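# Structural description and commentary
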Amino acid sequence: MMKEKDLRPKELGRPAEQLIHLDQLMPLSFPYDQPGMETDFPAVKPEWQEKYCTSLDGCVAIDTLTRPKTEEEEKEFIQQFLSGLGKVFSDANNSVLQPLKLSFEYCAKCNTCSDACHVYKGSGENELYRPIFRSDVFRKIFNQYFTSGGKLKKKFIGADIEVNWETVARLGELAYRCNLCRRCAQTCPLGLDNSLFAKEIRKIFSQEMGIAPTPLHAKGTMLQLKTGSSTGIGKAAFLDMIEFLEEDIEDRIGRKVKIPIDKEGADILLSHNAGEFVAWPENPAAFAILFEEAGVDWTLSSEMLGYDSVNYGIWYDDAQAKKVALKQMKVAKELGVKRMVIGECGHAHKALGVVADRYVYPEEKIPVESWIPIMWELVRTGRLRFDPEKNNFPVTLHDPCNMVRQMGIVQPQRNILKVIAPQFREMTPHGVDNYCCGGGSGFAIMSSPNFGQFRDKVSARMKFDQILRAFSDTIIDKSIPKYVCAPCSNCKGTIREILSHYQATDKFNVRYGGLVDLMVNGLASIDKPYLEFLSDQQI
Amino acid sequence: MILGLSIIISACLFLGLSAYKAFQYAQMPLHGRMELYPVPLEKERHIYGGSYMEEPQWWSKPREISKTAELIDMLKEMLFIKKLFDHQRSLWWASYIFHLGIYFLIAWMLLLITGALTDLAGASVNAHQTLWTAFLYYLTIFTGLVGFAITTAGAALLLLRRIFDPVLKKYTTLQEYFNLVLLLAALLSGIIIWSPDLTFETARQVTADVMTLSVVPNTALVIHFILLEVTFIYIPLSKMSHYVGKYFSFHKVLWENEPNLNGSEMENKIKNALGNKVYTLWSAPHMQEPSAK
Ligand code: SF4
Ligand code: SF4
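Residues numbered from 1 in each chain as written. Chains lettered and ligands numbered in written order. Predicted model: local features only at pLDDT ≥ 70, side-chain atom pairs only at ≥ 80, totals over all residues. Heavy atoms only, no water.

## A word on the sheet that holds strand β5 (residues 395–397) of chain A
Residues and elements named next belong to chain A. Spatially, the four strands line up as an open sheet ordered β6-β5-β7-β8, and their pairing is parallel. Edge strands, defined here as strands with exactly one partner in the open sheet, are β6 (424–425) and β8 (510–513). By the bridge criterion, two bridges tie β5 to β6 in an arrangement that is parallel. Its bridge partner being in β6, Val395 is matched across the sheet by Phe424. Packed on one face of the sheet, helix α21 (residues 489–501) meets β7 (482–485) and β8 and runs near 160° to β8. (Pairing = 2+ DSSP bridges. Helix = DSSP H or I, 4+ residues; strand = E, 2+ residues; numbered from the N terminus. Contact = heavy atoms within 4.5 Å. Axes fitted to C-alpha atoms, helices over the stretch in contact; angles between N-to-C directions.)

## Some thoughts on the site of ligand 1
In the region of ligand 1, the neighbouring residues are Cys117(A), His118(A), Val119(A), Pro131(A), Cys178(A), Asn179(A), Leu180(A), Cys181(A), Arg182(A), Cys184(A) and Ser195(A). Grouping the constituent residues of the shell around ligand 1 by class yields seven nonpolar, three polar and one charged. (Near = heavy atom within 4 Å. Nonpolar A, V, L, I, M, F, W, Y, C, P; charged D, E, K, R; others polar.)

## As for unusual backbone geometry
Residue Pro31(A) follows Phe30(A) across a cis peptide bond; omega there is 0°. Residue placement: Pro31(A) occurs in the segment before α1 (46–51). Cis geometry is found at the peptide bond from Tyr37(B) to Pro38(B), where omega equals 5°. Position of Pro38(B) among the secondary structure elements: in the loop between α1 (2–26) and α2 (67–80). Residues other than glycine seldom take positive phi values, yet Glu44(B) does so here, at roughly 60°.

## Observations regarding the pairing of β7(A)
All names here are of chain A. Side chains of β7 alternate between two faces, with Lys482 and Val484 and Tyr483 and Cys485 buried alike. Taken together, the three bridges between β5 and β7 define a ladder with parallel strand orientation. Across the sheet, the residue bridging to Thr396 is Val484, located in β7. Alignment of β7 against β8, held across four bridges, turns out to be parallel. Paired with Cys485 across the bridge in β8 is Gly513. (Buried < 20%, exposed > 50% of the residue type's maximum accessible area, 1.4 Å probe, protein only.)

## Considerations on helix α7 (residues 165–174) of chain A
Structural remark: α-helix, 3.6 residues per turn; residues separated by three or four positions point the same way. Residues and elements named next belong to chain A. Judged by how many residues are buried, α7 sits mostly within the fold: ten of ten residues are covered. Along α7, the residues classified as buried are Trp165, Glu166, Thr167, Val168, Ala169, Arg170, Leu171, Gly172, Glu173 and Leu174. Where α7 is buried, its residues meet α2 (71–88), α5 (131–146) and α9 (195–208). Between a side-chain oxygen at the N-terminus of α7 and the backbone nitrogen of Glu166 the separation is 3.1 Å; the capping residue is Asn164. (Polar contact = N/O pair within 3.5 Å; in protein donor to acceptor, adjacent residues only side chain to side chain.)

## Description of the site of ligand 2
Ligand 2 sits among Cys107(A), Ala108(A), Lys109(A), Cys110(A), Asn111(A), Thr112(A), Cys113(A), Ile132(A), Cys188(A), Pro189(A), Leu190(A) and Asn194(A). By residue class, the composition of the shell around ligand 2 is eight nonpolar, three polar and one charged.

## Quick word on the pattern of salt bridges
Side-chain pairing between opposite charges can occur once the charged atoms of the two side chains come close. On inspection of all chains with the given rule, the structure shows 59 salt bridges over all chains. Two residues, Arg130(A) and Glu127(A), come together in a salt bridge whose shortest N-O distance is 2.8 Å. In terms of burial, Arg130(A) and Glu127(A) fall into one category: buried. The network of salt bridges with common partners includes Lys109(A), Asp136(A), Arg139(A), Glu176(B) and Lys239(B). (Salt bridge = Lys/Arg side-chain N within 4 Å of Asp/Glu carboxyl O.)

## Remarks on a nonpolar patch on the surface
On the surface, a nonpolar cluster with roughly 1,000 Å² of combined accessible area is contributed by Leu71(B), Leu75(B), Met78(B), Leu79(B), Phe80(B), Tyr103(B), Ile106(B), Leu110(B), Ile113(B), Leu117(B), Leu120(B) and Met211(B). For Leu110(B), the location among the structural elements is in helix α4 (residues 89–120). (Patch = residues over 30% accessible without salt bridge, like charges linked within 9 Å, V, L, I, M, F, W, Y side chains within 5 Å. Areas by Shrake-Rupley, 256 points an atom, 1.4 Å probe, with all protein chains shown as cover.)

## Looking at the domain arrangement of chain A
All names here are of chain A. Partitioning chain A into structural domains gives domain 1 (4–208), domain 2 (217–376) and domain 3 (385–535). Of note, the centres of domain 1 and domain 2, computed from C-alpha atoms alone, are 34 Å apart. At the junction of the two partners, domain 1 supplies nine residues and domain 2 supplies six residues. Carbon and sulfur atoms supply 37% of the area buried between domain 1 and domain 2, which totals about 610 Å² over both sides. Together, Lys199, Ser206 and Gln207 form the three largest contributors to the area buried by domain 1 at its contact with domain 2, with a combined 55%. Inspection of the domain 1/domain 2 interface yields two salt bridges. We note a salt bridge from Lys203 to Asp318, for which the minimum N-O separation is 2.7 Å. Inspection of the region where domain 1 meets domain 2 yields five residue pairs in polar contact (both at pLDDT 80 or more). When its residues are assigned to classes, the side of domain 1 that touches domain 2 shows two nonpolar, four polar and three charged. (Domains from an automatic or database assignment. Buried area = accessible area lost by both parts, 1.4 Å probe.)

Structural data, given as structure tokens:
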């Protein structure tokens with residue numbers, strides 16, 4: 001039998017119930033280096049094998065990719081994929097043509113990028129997740145079908161892959177084993193970007209074949225365009241939530257805070273990931289407290305898409321991304337605000353601040369910026385005052401890839417932490433060299449049927465290890481709370497999942513939350529702790 | 001005559017095809033922003049990877065850029081292959097001596113041409129005549145010896161690494177082996193031709209013969225010239241033209257973070273790009289809505 005480490009890109013379609021097995025993952029640091037600290041991967045259920053493509057690594061990311069029932073369906077599936085592949089280098093894909101062609105053409109196969117990838121490293125250096133593995137399959141299939149020449153020439157250029165249903169389906173799944181974090185691109189001596197291939201494969205599946213994970217498409221962008229939010233929250237429910245938030249703030253800190261809604265001509269339209277209202281209402285509440293205390297002229301919007309900054313389109317479908325971003329921009333424009341500020345959501349930062357920057361003419365949009373520089377300005381100028389003793393426990397910072405590596409917002413959040421958290425310590429590595437949380441590009445919200453296991457055990461493994469190392473001095477002391485500050489909704493969601501998966505909160509008192517939550521907790525003007533886990537804990 | 005002419009034509013083709021490749025990349029449609037930090041253009045902030053977006057209301061403030069920092073980073077990559085040095089030292093040694101050797105060989109060729117012109121002008125290039133001829137004489141020897149030695153050693157090491165490294169060999173195509181073999185063949189044939197005269201006077205004489213289209217052929221020289229000509233023409237057509245690609249991947253993709261502001265040059269580019277009609281359409285049902293096109 002072939003050894004899994006000998007797997008080569010041309011063998012992606014070879015017959016096997018499962019191409020690789022995830023049984024030799026990267027060892028974790030203390031105390032998770034002890035036996036019995038981690039559970040094994042649960043077995044793949046026969047009904048999943050029958051229905052989905054589990055033949056890659058036993059995990060299923062694309063729940064809408066189902067096995068064909070007839071030979072015709074199988075052929076049509078391959079045909080559709082090839083049709084999409086042909087469009088990747090056409091005018092249908094102008095917005096990415098140049099970078100993609102460069103990465104397609106120039107890879108020197110030097111393998112410098114592998115060590116940068118947390119998925120590859122976390123998997124125990126499994127060949128399947130090497131950043132160039134996926135890219136090479138893409139190249140091989142493209143060269144096989146879209147370059148001229150006979151068999152000999154194709155063999156010469158490496159177009160030697162057998163393309164069957166399994167090849168294409170596994171490639172689709174493999175596109176969802178990359179977080180699109182672009183850390184590998186930072187190390188490439190030729191400046192090439194393997195994440196582009198993962199993204200293009202996702203796009204072919206969505207834009208050509210109509211296949212995309214339900215949480216991203218049907219319950220993601222489609223739901224957002226229909227109801228106003230990917231959470232499904234409509235305007236009325238949103239307004240109820242705001243009322244609840246105001247009451248909650250009063251309960252928590254004994255202060256009446258009025259949250260402005262649809263205030264025309266406000267300086268700032270603050271746009272949150274709507275998931276925050278549902279999962280972590282203390283986060284939008286913290287923004288309201290801080291902005292009110294500093295006297296900022298701001299508002300939220302109750303218009304469709306105005307109250308949800310997410311844009312899952314940027315992970316799998318350019319057209320969906322554009323539709324969502326244009327509607328979000330329109331809301332801001334119609335409200336007549338001076339600027340649009342994105343709250344704690346990394347991909348929303350990138351979607352509106354960077355990706356959508358070239359969607360329209362300048363006069364059609366409102367300037368977009370991150371909340372972090374604004375908040376640092378409020379801290380720096382003394383409009384927000386803190387008692388750092390309130391945050392006197394170990395705090396580390398996770399750098400969301402979208403804000404940091406892909407936008408260059410690195411320092412202001414650190415400046416804030418240095419003021420408010422006396423025991424702040426960096427992860428290693430950090431800043432633009434950070435590792436992705438493991439939930440990037442949709443993984444944070446993809447769990448079923450068993451994809452959550454891949455995220456928690458493999459793609460988020462490096463982040464969990466970083467957290468353990470950042471708190472190595474106090475990890476074993478359960479009386480000391482340790483706070484992972486993750487100023488991004490998706491990263492926070494992933495960290496919630498890993499802390500729960502590894503029982504790190506129960507066993508070692510490792511907590512997580514946003515940066516604004518920590519700021520409010522440290523505000524000099526508030527008496528009670530804002531972070532719930534501190535209420536019943538003496539620091 | 002044919003031998004001289006063909007090498008001149010192949011050298012011109014090398015330059016022309018490389019320029020054409022650059023032109024093709026330059027003509028490609030404006031792409032979405034894909035910058036990756038650190039972006040060296042960001043004055044001072046580039047040291048830790050920051051950008052203008054760290055400023056509140058960044059659009060209302062003058063952008064602080066540093067062309068010098070960009071140039072320094074570019075030179076670090078060009079002259080030192082810094083990313084490979086930082087991230088894969090074991091491969092860097094072979095790659096670096098190979099690329100450095102190419103720079104030496106380019107210098108050697110330019111010195112041969114200059115020397116040949118000097119010879120043709122009547123001032124013989126040797127160690128004694130003038131400071132200039134002595135300079136040409138010794139520098140030609142130095143660049144040639146070092147160039148041939150380290151480029152060949154580098155190419156051989158790269159080939160061996162590719163053959164024996166269990167990871168690299170899985171990803172290497174026949175064409176990628178061929179690229180290195182072709183370069184090695186051209187280098188080794190050069191060593192065979194020129195090594196009997198390590199002062200490179202013969203090489204300078206042949207260069208002068210090429211320029212006057214009066215090369216006297218012999219089998220070894222013909223083989224070397226053919227290999228050299230194939231290499232010259234093949235490089236810009238293959239991925240070995242990464243000297244073109246690397247410029248675009250860094251300057252036009254990873255380091256390109258120009259915002260779309262009123263009255264900016266980018267605004268014009270966007271106007272042009274948005275005006276382009278798209279003829280190829282995607283087929284998924286949701287792509288058929290007018291707003292998706
Ligand atoms: S983009 Fe990130 S997850 Fe994807 S291959 Fe590169 S380093 Fe790995
Ligand atoms: S580092 Fe760049 S050139 Fe080297 S294998 Fe990775 S993508 Fe290819």
